[in-house]
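Examining the three-dimensional arrangement
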Amino acid sequence: MRIRQLPDDLVNKIAAGEVIERPASIVKELVENALDAGATRIGVTTSAGGKSLIRIEDNGHGMDEADLRLSIERHATSKLQDDELDDIRTLGFRGEALASISAVSELSIATRSKEAELGLKLSFDGPRIVISPSPMPHGTVVEVKSLFKNVPARLKFLKTDRGETNAITDVMRRLAMSKPHVQFVLQGSDRQTTNWPAQSGDSAAKNRLGQIMGNDFAQNAVPIDYQRGPVNVSGMAALPTYTKANSLSQFYFVNGRPVRDKVLLGGVRGAYSDFLHRDRFPVVAIFIDMPSADLDVNVHPAKSEVRFRDPGFVRAAVIRALMNALDAAGFRASKTVSDATLAAFQPGVAGQAPAQGPAPYGMAENGQPSIDPQVERTMQYQGDYGYRPSSMSPQMPRMDGLNVPSARMEDLANADFAAQEDMAVGEHPLGVARAQLFENYIVAQSDDSLIVVDQHAAHERLVYERFKAELNDGPVPAQKHLIPVVIDLPEEDCTRLEDAAEALSQVGLGLERFGPAAIAIYETPALLGNSDVHKLVHDVADQLAEWDNISVVMERLEEIAARMACHGSVRSGRRLRAEEMNKLLREMEATPHSGQCIHGRPTYVELSKVDIEKLFGRR
């Protein structure tokens, strides 16, 4: 078969296959054109997920007749003034969108420039272009009907109307996040109307993120503001205790362009690595501004990917920006933790019908209190005072265990505090300790809140942060053992530990081989005190076995430190004195990231006085 030149209509259809993947692709291209035209209000109307109708209306500067005719030609654009691809400052630049759209749909364009008295409308009569007068306000209206009508094979591969509608919504959310000063209205027969009003002022970006990502995110996120050389990183990052089960709530923008990029994903993952489980994902909205000469946006037909000239520099900037923001949050934990706690106190799930069956013990079927029949024979009802022992009844049966306290309350008035101001509730964000529950949870009171702290999880984070600080300053201080602790281990574990001995000494663990199947431990990190050395060494050996490569140990010392921190922290089941509990609270207030343990779980729950009063119907 000989090579031949393809006809223009076939070339346009092929090009449309690259640019127009689905209805959401059309919405993205047309809304980007509207933004490049200086629009401050953009309306999007769809029907059948964009398959039947897509209409984009804007109040941008519009076009005259000459530009209108050229706009539907392939590779015709107003956005490359000097024919340079190294300095692209607009969202669009290829000049392919309208030509590709017209090849696979019914396209019409109505436009009016600010200087014109009357608008113009471009439509198609077969292959012929028709331009006619059209009364309209200044701006542009692009209407796309019957998408893929002449390419039915493409139509079969689209998702359901609902799926395509959701894809359009996702595109609009990202574009609206990138331009908070523009009003976006999304409506149609296939959706409820969504209106994102334009924002202004210094808090415009934060307010727009709150509109789109929800107030929960705005309340549980910290601002990002960091400059590294020519790269500026801004936006908002959720606290580590506010996470999702996937990465769909991570949004990245480079020079105002929504993108998905592995460099940025890796930077976020690295910044949160100390705080999250592997199956949880942080929620972030990150905006990067940098010289356009250091960026290549011409690497993907949909312009959804970018290529950085120095990706390592950008990744380091993202990591440092996020770490600074999370450091500034201090011990703060997300409010959703408290909300979940309050929900657990509710008598039932809202909107859920009560379960059928016998009434629970302590409640009769008519809703009145009930008691065990065996006990009822020894009790008599006394009106508003409820049941009381009958004077004529025999001795009541014993209820063993009810006299055993489940909480231990310190006598704070007589407690020996290092400083008298520790008793002043209002001076400390985490309050003052009032009790210890189940020998693991510290109950504290501040001016207007009740705080419950998981003592083991909190102290584990404190020890880990000390480990990191000492690692940054050099080898972690170690304490010598008068008599080395000899630990029997499988020979392969002994070999791994021996090979990693030099690296482990950096975290304060000194060891040497003691025969074919034993290790002698002659020093341990001073931070750990009198910890269980046997369990510590077994855990480190297990971690080395997971990596299966001793060469990475020096690069992952912080992971070993995290494992060790668990052994050096206050254990569950240990009774603490009042001064010990308050010391832990004060250290949490002074330590960044103490609001979550090294596994990503919250270290404390805070219930406001107002919330508690609501539980009891006082508000």
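Note that residues are indexed from 1 along each chain, following the sequence as it is written. Note on the predicted model: pLDDT of at least 70 is required for a residue's local features to be given, and 80 or more for side-chain atom pairs to be given and counted; whole-chain, interface and lining totals, by contrast, use all residues. In computing side-chain values, all of the structure's heavy atoms are included and hydrogens and water are not.

Our focus in this paragraph is the overall build of the protein. The number of helices and strands found in the protein is 19 helices and 27 strands. Relative accessibility under 20% of the residue-type maximum defines a buried residue, over 50% an exposed one, and the middle range a partly exposed one, all with a 1.4 Å probe and only protein chains included. Looking at the protein as a whole, 45% of its 619 residues qualify as buried. Expressed as a percentage of contacts within the protein between residues at least 6 apart in sequence, the contacts between residues at least 24 apart total 67%. Computed by Shrake-Rupley with a 1.4 Å probe, the accessible areas treat only the displayed protein chains as cover when residues are assessed. Split by element, the accessible area of the protein, about 32700 Å² in all, is 50% carbon and sulfur. Helix and strand definitions follow DSSP, with helices as H or I runs of at least four residues and strands as E runs of at least two, each counted in order from the N terminus. Two residues qualify as a contact provided that any one of their heavy atoms is within 4.5 Å of a heavy atom in the partner residue.

Let us now look at the sheet that holds strand β8 (residues 194-196). Whether parallel or antiparallel, the strands of a sheet pair through hydrogen bonds between backbone atoms. Strand order across the open sheet formed by eight strands is β5-β4-β3-β6-β2-β1-β7-β8, with mixed pairing between neighbours. Each edge of the open sheet carries a strand with a single partner, namely β5 (128-134) and β8. Going from strand to strand, the sheet's axes swing by 10 degrees on average, the running direction of each strand aside. Pairing of strand β2 (residues 53-58) with strand β6 (residues 139-145) involves six bridges; the strand directions are antiparallel. Across the sheet, Leu 53 pairs through a bridge with Lys 145, a residue of β6. When DSSP finds two or more bridges between two strands, those strands count as paired. To get an axis, fit a line to the C-alpha atoms, keeping to the stretch in contact for a helix; angles then go from 0 to 180 degrees between the N-to-C directions.

Our focus in this paragraph is the pattern of salt bridges. Salt bridges, as used here, are contacts in which a Lys or Arg side-chain nitrogen is within 4 Å of a carboxyl oxygen on Asp or Glu. Counted according to the given criterion, the structure contains 23 salt bridges. Lys 28 is the partner of Glu 32 in a salt bridge, and the nearest nitrogen-oxygen pair spans 2.9 Å. A residue pair is termed a helical-turn pair when its members lie 3 or 4 positions apart in one helix, as Glu 32 and Lys 28 do in helix α2 (residues 23-36) at four residues. Look at Lys 28 and you get buried, because its relative accessible area is 13%. Put simply, Arg 577 and Glu 580 hold a salt bridge, and the shortest N to O gap is 3.8 Å. Judged by its relative accessible area of 47%, Arg 577 falls in the partly exposed class.

Moving on, we come to unusual backbone geometry. The backbone of Ser 146 shows a phi angle near 50 degrees, a positive value even though the residue is not glycine. Examined against the element boundaries, Ser 146 turns out to sit in the loop between β6 and α5 (152-156). Backbone geometry places Glu 439, a non-glycine residue, at a positive phi of 55 degrees. By the secondary structure assignment, Glu 439 is in the loop between β21 (432-437) and β22 (441-445).

Such coordinate-based values are descriptive only and should not be taken to indicate function.
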